[in-house]
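A look at the structure
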Amino acid sequence: YHVKQLQAVFGESFTPEPILRPTSLRPDMEEVEKALRGGLEALIFTNPANPDGVVWQPDEIRRLVDVAREVGAYLICDECYVDMVYVQNGHSSPLDIEGELYDRAIVCRGFSKSLGCQSWRVGYAVTSPVTAASIVTVMDPVYICTPFVQHAIAEYILNYYDEYEVGRAFQPVSFVIC
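This write-up is about the structure you can find in this document.

1. Structural notes on the pattern of salt bridges
Enumeration according to the criterion identifies 6 salt bridges in this entry. Note that R63 and E33 form a salt bridge whose closest N and O atoms lie 2.8 Å from each other. Within this pair, whereas R63 is found in helix α3 (residues 58-71), its partner E33 is found in helix α2 (residues 29-37), the two being separated by 30 residues in sequence. Here R63 falls in the partly exposed class, since its relative accessible area comes to 28%. For D66, the salt bridge identified is with R62, shortest N-O distance 2.9 Å.

2. Section: α2
Buried within α2 we find M29, V32, E33 and L36. An end-on view of α2 places all buried positions within 95° of arc, on one side of the element. Relative to its buried face, α2 has exposed residues pointing more than 90 degrees away, namely E30 and K34. On the buried face of α2, the contacting elements are β1 (42-46) and α3. Note on α2: the residue one or two positions beyond its end, G39, has a positive phi of about 110°.

3. Some points on the nonpolar core
With 28 residues, the main nonpolar core has L36, L43, F45, L64, L75 and F111 as its most contacted residues. At 5 residues, the largest contribution of residues to this core is made by α3. Sequence-distant contacts of L64, defined by excluding residues within four places in its chain, comprise M29, V32, L36, L43, F45, W56 and L75.

4. A closer look at the side chain of E79
Along the chain, the position of E79 falls in the loop between β2 (74-78) and β3 (105-110). Accessibility expressed as a relative area gives 0% for E79, which makes it buried. Side chain to side chain, E79 and R109 meet in a polar contact 2.7 Å long. The contact partners of E79, leaving out residues within four places of it in the chain, are N47, H91, S92, S93, P94, V107, C108 and R109.

Cut-offs and rules
Residues numbered from 1 in each chain as written. Predicted model: local features only at pLDDT ≥ 70, side-chain atom pairs only at ≥ 80, totals over all residues. Heavy atoms only, no water. Salt bridge = Lys/Arg side-chain N within 4 Å of Asp/Glu carboxyl O. Helix = DSSP H or I, 4+ residues; strand = E, 2+ residues; numbered from the N terminus. Buried < 20%, exposed > 50% of the residue type's maximum accessible area, 1.4 Å probe, protein only. Arc of directions from axis to C-beta. Contact = heavy atoms within 4.5 Å. Core = buried A, V, L, I, M, F, W, Y, C linked by side-chain atoms within 4.5 Å. Polar contact = N/O pair within 3.5 Å; in protein donor to acceptor, adjacent residues only side chain to side chain.

And the structure:
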C-alpha cells in the first residue's frame, strides 16, 4: 500500500506494522486483536488474500469489526479478488454485518479481475459518509484528470449493472460509494 496516501488520510504518524501468519494460512486473530488493542490505528487486510486465496470467515470479520469499533481503529478491506471466490466457499465482508456500516470501515473493490482489465487501476470504495469525506480530500487531484478507461468502465457499469452484478447485491445501508 502507498504509505504517503495513507498518511495524508490518517496523519503523518501513520507507520505500517505487518502482522504475519508464520504457521498457518488462517489469520492469527489473537495477534490481530492484540495489535488493535495495542494502539493500532488502522488495519489493512485482503479478503480473499493474495496469493494464497484464504477467505476470512464471518466470525473473523465480525470480531474485526467489533474490536475496531471498540478501540476506534480503521478497517481497510481490500476485496479486489472478491469476484474470484467460489460460490460454495462463500465470502464475508464488513459490508455483510447487519445494521449500519461501521464508520471507519472502508471496503475497496476493483474491476481488474472481473472485467479482465488488469493494471487499469479502476475500482471503488464503500464506506460511511464521514469517512468518504476524508477520502475525497485526498482523491481530489486523482480524479480531476481521469483517464478515458475509467470513464468507459463507469459508463459500462452504470448502463449494464444488472448484467454485471458487482460482487453481491448491496443492501440499503448508510454508506457512500466513492
